[in-house]
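Architecture at a glance
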Amino acid sequence: MKKIATLSVLSLAILTASCVSKKKYVTLQGQYDETVSTLSKTQLENERLETRLTDIDEKVDSYYKRIQSLSDSNSSLEQLSNSRYQKMGNVVVSENDKIKMKKALADVDPVKLKNAKTLQDSMNLIISHNLKKGLSSEMMTDNDDIDISIDETVVMITISDKMLFNSGSYRINAKANPLLEKLAALINSEPALEVMVEGHTDSQTVKPGAIVKDNWDLSVERSTAVIRKLQDQYNVAPEKLIAAGRSSYHPVTENDTKDGRSKNRRTRIVILPNLDKFLALLADNG
């Protein structure tokens, strides 16, 4: 009986040991399968990343070749440009333009030419010189109702309202026609110009019932009347013309006296050189 019990206990122990080993085996097998699966996924991901990296390397190499090609092209263009052009300020000027400008500057006052620091300065000197020649022969510079001043880059022609308008009116007098005709000829002789016509008044209030509302209105109407005359009757290109009404806020003298008010009532023609048109004109004449 004792022997049978011992065998039973031994059998039970063996059976128990066998059951534990099977559980561990199943656990380890599961862990193994999971590890194999993870490894497989990792290998696939690595292969995908390597393929993507290869694509990126090829694109980078392609971009680099394109950049290098553009750089070589720009370098060639720059060398070509340097051989034919020179950058002056923000403008690139060809050698032909420079030759023409030097020829045009030959007659300019050497003292003024010495002070020319930029392309704009040189262009202004050329145009101012040409305008002076036109003014001396075409305009009545000794007339008290006309004042002409040239401030390096800008020509300003101030005309008394007595030469152009009746008091409080913006209708141009017929006696002003010869003056405006000469002025138009001067403007048309130099394509590289823009012309601003400024209307100025004195400070007296416009009378009730007048054809204009106030001095702003009068100054603008006078400016546009001159511009229409230059455009319609004397064929000045409208794109060269600028209208400006300044009312009474830019007087040349006090408005306390009759003479002072008379001087403040004026039309000012401001002749402005245009760099782009000037260079285009040089190119057209090439």
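Preceding block: the structure.
Residues numbered from 1 in each chain as written. Predicted model: local features only at pLDDT ≥ 70, side-chain atom pairs only at ≥ 80, totals over all residues. Heavy atoms only, no water.

1. A closer look at the packing of aromatic side chains
Following the criterion strictly, the structure yields one aromatic pair and no others. The lysine or arginine in question, R171, covers the ring of Y170, its NZ or CZ lying 5.9 Å from the ring centre. (Phe/Tyr/Trp six-rings, centres within 6.5 Å; stacked < 30°, edge-to-face > 60°. Lys NZ or Arg CZ within 6 Å of the ring centre and 35° of its normal.)

2. Details of the nonpolar core
Grouped together as the largest cluster of nonpolar side chains are 29 residues, with contacts concentrated most on I157, L164, V226, L230 and I269. The biggest single contributor to this core is helix 6 (residues 177–188), with six residues. Counting residues in each nonpolar core, the second largest holds six residues, with V108, L119, L125 and I126 among its members. (Core = buried A, V, L, I, M, F, W, Y, C linked by side-chain atoms within 4.5 Å. Buried < 20%, exposed > 50% of the residue type's maximum accessible area, 1.4 Å probe, protein only. Helix = DSSP H or I, 4+ residues; strand = E, 2+ residues; numbered from the N terminus.)

3. Considering a nonpolar patch on the surface
A cluster of nonpolar side chains, contributed by L53, I56 and V60, occupies part of the molecular surface with about 260 Å² of accessible area. Topologically, L53 is positioned in helix 1 (residues 2–84). Residue L53 is classed as partly exposed on the basis of its relative accessible area of 49%. (Patch = residues over 30% accessible without salt bridge, like charges linked within 9 Å, V, L, I, M, F, W, Y side chains within 5 Å. Areas by Shrake-Rupley, 256 points an atom, 1.4 Å probe, with all protein chains shown as cover. Salt bridge = Lys/Arg side-chain N within 4 Å of Asp/Glu carboxyl O.)

4. Structural notes on helix 7 (residues 215–232)
In this model helix 7 runs 25 Å from its N-terminal to its C-terminal C-alpha over 18 residues, within 8% of the 26 Å that 1.5 Å per residue would give. Those residues of helix 7 lying buried are N215, L218, S219, R222, S223, T224, A225, V226, I227, K229 and L230. Against the buried residues of helix 7 lie helix 5 (161–164), helix 6, strand 5 (193–200), strand 6 (241–245) and strand 7 (266–273). Two or three places before W216, at the opening of helix 7, D214 has a side-chain oxygen 3.2 Å from that residue's backbone nitrogen. (Expected span 1.5 Å × (residues − 1). Contact = heavy atoms within 4.5 Å. Polar contact = N/O pair within 3.5 Å; in protein donor to acceptor, adjacent residues only side chain to side chain.)

Read these as layout, nothing more, since geometry by itself doesn't imply function.
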